[in-house]
Amino acid sequence: FFLCRSICVHPPPNAPRSTNVVDVMNYNANKSPENALKRAQDLVKISQTTTALTILYEVLYARKYKTWSLTYESVCIYYIDLCCKHKKVREVKDGLHQYRNLTQITAPGSLEKVIRHLLRVAEVACDEAMSTAPSAAIITDDGLDEDAATPATLLMSTMTTTHADDLHSRSAVLPSLKFLWESYRAVLDVLRTSAKLQGVYHETADKAFDFCSKNKRKTEFRRLCDTLRNHVTHLHRYGATAALREANAHKLKGWEGWTPESIELHLQTRFKQLSVASSMEQYSESFRTVEGIHDLMMLSATRPKSRVMATYYEQLSKVFLVSKNYLFHSYAAYKYFLLYRDHNKSMNEAQLRKMADQVVTAACCMSQTAVKAKGSLSSTKQDDLTRSRDARMAALLGFASDPTRAALLQELKNKNVVALASPPVQRLYECLEGSLTPAALVKQAVESLPSIEEKYQVRVKSVVCRKALGQLGAIYSTMTISGLMELVGGLGFDFQEVRQVLYDAANDGEVKVRIDLKSECLRFEGKGVEDSRDGPADSDPEGLRTSLVRLGKALAAVKEQHVDGFHAEDVQERREAFFAQVKYGLEAENAACLERKEEIDRRKMERERNEQLRAAEEEEKRKAEAEEEKKEAEARIKQEARNREREKEIKILDEMEATKKKGLLSKLGKTVADYNVSSLKDLDADKLAKEQMELIQKKKDEAESRVKEKAKKLDYSVRAIRIEELPIMEKQREEKEKMLKEQWEASISSKLKASKTAWDRDVQFKEVFGKLGVFGFMEDFEGAIMKKRRDTWQAECTAAEEKARSDAAAEKRARAQKRHDDVVRAKREEEEKRER
């Protein structure tokens, strides 16, 4: 029956195309979902899968049936099973979008069930495919969107058999991997604005992260991070406020705004993303993820949990360590230590010492010029890009201003973190912050190096070498390279590494030195008084001050020895007179200084107060203007929406009126020109309707009159025909009776002859059987059979009677037991009633 029918399918533009379609006549897939599902199952049985997908997609795409029912869920699940079986990625995306439009409001639970079914089927298919292929064929850095059969792989397959085997394994595995990956992307795209299914959205994101981590898909991981970042940006751009959500409702279907629950789910997903990025060594994505986490925390009115913040600072410290920004790495490690120590009550002393060692060692990795170099926002040597980057890093750590090395070291002392560290780490910290000689500094640092973590050793060696170079530059103006290498030889550096340290220290402004390779020496610059004329920007103020003090003391000693010795008495008198004059005017000068200081403070406070008042007034004015602009914008948007709605309604009414007039004119068989008017608007629809009704009534009356005339003529004709045909019919009846009588008599005669012949034949057979004794044998056989049947029947009757008697006795006992139980229960209830 099915093959005798014919389908005439007209799929929508984006529906799956069929290359081998069975033509089934007079069938419309939109007619009923149940019939479409049955028809698709029949098509699959005859290997017409593409046509079945087209029919099922039409059911999901159709606008005739907009009310969801459980049948649609069965249709969508069967559609997804077919797509998974044949790896139809695009069809799965289209089907999910159509089913989302159908169920997003009325049945979100059904959409969740369908999505979970899709992911479960895709994951099972991927696991089965991967279990049959070697791991070497799966681990590759190529994107799943790229073709595996590149020219290089094709050329290699012609030269080696091993590569051909791997290529064959990949061709079997990659379709399943790609389908699973595209399924994750499709689900995330479908649910990106669904508030009711945001749990499924974040669960799918976690599964996608596990997929990338398990299969080492770095390209897909970066694309997944970009996708999630774009989703959050889209939500924030069009749904940050109620006014934006109302104006962009068509772009945010199902979105209910940022709630604490949604922010918490997004934070959990971002922390999972940060963990996977760190494990896959994708540190650029790690930094962008950290920025995303910070932005999400800014949206939340409450501070995240301590456990979450500890994880945040732990991953942040790893990112800063890889980027070699040791100042921010030290701050992140310090905050992680504080959170972990304050909220982990089960931490033992060994764990506390280990974490304190890490924090102190991270602090030792900061250079001595961290205040004015890479870790500071106040450095005048950084360009705008570097300042912007450092400002972002400071914001990630929660700093409103620039963090400094001195502030961190003071915090470590105040919180007693250095005292919690192990003795070798404490000695390393003391030697870097103390005033040891370069040789003692290097020696003590080398002794402490084995006790610190390996990831910090190279940086600590570099810091020790830089500090030693700074001390040497303050003492010497030149130094041989061999002497420097002998001094820092315990650090394990060769000359190339020491030269790189010199370059870094010079770039950071920690030391000014030139390497004279011809003379094999180092020439230190910028530490003497003679260099001060270059200006305060390039000279060392501390070195200049100490040099001037030393020069003053030396000149005073020379003056005392060579000049003041010849006039000691006059010098003593002048000194006494000078000190007496100073003592006499000391109180007045002190009072004048205090009065001047108070006046300066008063003017400063007054200026600051005026500036604060002016800033507050400007801020209030700005807020008022912003609020007014916001209200005006909202009012304008609402008014424009009302105007558009009113214009739309007027346009629809005009179109309906025009359609009605065109229909009336077509029914009347006339045009606008027949009424002597310029356009269709000038016609009166009521007059046209009245004219049409008159025309219809006229045609109806004419039709009724014609029917009456035809009925009258027909009545006369039928009556005349019956009068004429009556004698003919009587004659035909008589002839038919005569013929039937003759036929009956002939049939009776033939039946009598046949019966007589059969009787004679039966009599002959009886005589023959009687002579042979057949009838006696039949009676004996029949008697034996009947006796056996009577015995069986008697036994069954006896068993039935026994069973009936036993059943009756059992029922009688049951009734007696029930009566006894009822009597006992009644007595017990009576006693309980009397007791109450």
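So, here is what we can say about the structure in this document. (Residues numbered from 1 in each chain as written. Predicted model: local features only at pLDDT ≥ 70, side-chain atom pairs only at ≥ 80, totals over all residues. Heavy atoms only, no water.)

**A few points about the overall build of the protein**
So, point 1. Along the protein, the regular secondary structure elements total 28 helices and three strands.
So, point 2. Looking at the 836 residues of the protein, the share that counts as buried comes to 33%.
So, point 3. Sequence separation of at least 24 residues holds for 66% of the intrachain contacts in the protein that already meet a minimum separation of 6.
So, point 4. Summed over all atoms, the accessible surface of the protein reaches about 54200 Å², with 54% contributed by carbon and sulfur. (Helix = DSSP H or I, 4+ residues; strand = E, 2+ residues; numbered from the N terminus. Buried < 20%, exposed > 50% of the residue type's maximum accessible area, 1.4 Å probe, protein only. Contact = heavy atoms within 4.5 Å. Areas by Shrake-Rupley, 256 points an atom, 1.4 Å probe, with all protein chains shown as cover.)

**What to know about the sheet that holds strand E1 (residues 478-480)**
So, point 1. Pairing within the open sheet is antiparallel, and its three strands lie in the order E1-E3-E2. Every other strand in the sheet has two partners, leaving E1 and strand E2 (513-516) as the edge strands with one partner each. Adjacent strand axes in the sheet meet at a mean angle of 20°, parallel and antiparallel pairs treated alike.
So, point 2. Where E1 meets strand E3 (residues 521-524), three bridges bridge the pair, whose relative direction is antiparallel. Looking at E3, one finds that Met 479 is bridged to Leu 522. (Pairing = 2+ DSSP bridges. Axes fitted to C-alpha atoms, helices over the stretch in contact; angles between N-to-C directions.)

**Examining unusual backbone geometry**
So, point 1. Residue Ser 47 is not a glycine yet carries a positive backbone phi of 65°.
So, point 2. Inspection of the secondary structure assignment puts Ser 47 in the loop between helix H1 (33-45) and helix H2 (49-61).
So, point 3. On the accessibility criterion, Ser 47 (61% relative accessible area) is exposed.
So, point 4. The backbone of Asn 416 shows a phi angle near 60°, a positive value even though the residue is not glycine.

**Brief notes about the packing of aromatic side chains**
So, point 1. Under the criterion given, the structure shown has five aromatic pairs.
So, point 2. Between Trp 181 and Phe 211, the ring centres sit 6.3 Å apart and the planes meet at 15°, which makes this aromatic pair stacked. Separated by 30 residues along the polypeptide, Trp 181 in helix H7 (residues 161-190) and Phe 211 in helix H8 (residues 198-215) bring together distant segments of the chain. Each member of the pair, Trp 181 as well as Phe 211, carries the same accessibility label: buried.
So, point 3. Grouping aromatic residues by their ring pairs yields a cluster made of Trp 181, Tyr 184 and Phe 211. (Phe/Tyr/Trp six-rings, centres within 6.5 Å; stacked < 30°, edge-to-face > 60°.)

**Details of H8**
So, point 1. Spanning 18 residues, H8 covers 26 Å between terminal C-alpha atoms, matching the ideal 26 Å at 1.5 Å per step.
So, point 2. Following H8 by one or two positions, Lys 216 adopts a phi angle in the positive range, close to 55°. (Expected span 1.5 Å × (residues − 1).)

**Topic: the pattern of salt bridges**
So, point 1. Counted according to the given criterion, the structure contains 34 salt bridges.
So, point 2. Note that Lys 207 is salt-bridged to Glu 123, the shortest N-O span being 4.0 Å. With Lys 207 in helix H8 and Glu 123 in helix H5 (residues 108-131), the pair connects residues that are 84 residues apart, well separated along the chain.
So, point 3. The class for Glu 123 is partly exposed, based on a relative accessible area of 21%.
So, point 4. Ionic pairing is found between Glu 285 and Arg 288, a salt bridge with its closest N-O pair at 2.9 Å. In this pair, Glu 285 and Arg 288 both sit in helix H12 (residues 283-299), three residues apart, roughly one turn of the helix.
So, point 5. Here the salt bridges share partners, and the residues they tie into one network are Glu 112, Arg 116, Glu 123, Glu 203 and Lys 207. (Salt bridge = Lys/Arg side-chain N within 4 Å of Asp/Glu carboxyl O.)

**Points about the pairing of E2**
So, point 1. Bridge count between E2 and E3: four bridges; the pairing is antiparallel. By the bridge assignment for E3, Asp 516 is matched with Cys 521.
So, point 2. Counted along the chain from E2 to the antiparallel partner E3, the turn is four residues long, and its residue Glu 520 has a positive phi close to 55°.

**Details of a negative patch on the surface**
So, point 1. The grouping of Glu 625, Glu 627, Glu 628, Glu 629 and Glu 632 at the surface amounts to a negative patch.
So, point 2. Looking at the secondary structure, you find Glu 627 in helix H26 (residues 586-668).
So, point 3. Classification of Glu 627 as partly exposed rests on a relative accessible area of 39%. (Patch = residues over 30% accessible without salt bridge, like charges linked within 9 Å, V, L, I, M, F, W, Y side chains within 5 Å. Lys, Arg positive; Asp, Glu negative; His and termini not counted. Charge placed at Lys NZ, Arg CZ, Asp CG, Glu CD.)

**Some remarks on the nonpolar core**
So, point 1. Core analysis: the biggest nonpolar cluster contains 80 residues, and Tyr 312 and Leu 412 have the highest contact counts within it.
So, point 2. Element by element, the count of residues in this core is highest for helix H14 (residues 326-343), at ten residues.
So, point 3. Ile 55, Ile 80, Val 187 and Leu 197 belong to the second-largest nonpolar core, a separate cluster that totals 61 residues. (Core = buried A, V, L, I, M, F, W, Y, C linked by side-chain atoms within 4.5 Å.)

**A closer look at the packing of H2 against helix H4 (residues 89-103)**
So, point 1. The N-to-C vectors of H2 and H4 enclose an angle of 30°; their axes lie 9 Å apart at closest approach. Comparing the axis directions of H2 and H4 gives the class roughly parallel. Our pair here, H2 against H4, has a crossing hand that is left-handed. Contacts from Tyr 57, Leu 60 and Tyr 61 in H2 reach Asp 94, Gly 95, Gln 98 and Tyr 99 in H4.
So, point 2. When its residues are assigned to classes, the contact of H2 with H4 shows four nonpolar, two polar and one charged. (Parallel < 35°, antiparallel > 145°, perpendicular 65-115°, else oblique. Left-handed = near helix turned anticlockwise from the far one by under 90°. Nonpolar A, V, L, I, M, F, W, Y, C, P; charged D, E, K, R; others polar.)

**Looking at the environment of Arg 405**
So, point 1. Among the secondary structure elements, Arg 405 is positioned in helix H17 (residues 405-414).
So, point 2. On a C-alpha basis, the gap between Arg 405 and Tyr 331 in space is 9.2 Å, while along the polypeptide they are 74 residues apart.

**Describing a nonpolar patch on the surface**
So, point 1. A grouping of Phe 765, Val 768, Phe 769, Leu 772, Phe 775, Phe 777, Met 778, Phe 781 and Ile 785 is seen on the molecular surface, where their side chains present a nonpolar patch of about 930 Å² in accessible area.
So, point 2. Tallying contributions element by element places helix H28 (residues 774-835) first for the nonpolar patch, with five residues.
So, point 3. Tracing the chain through its elements places Met 778 in helix H28.

Without other data, these values stay purely geometric and don't point to any function.
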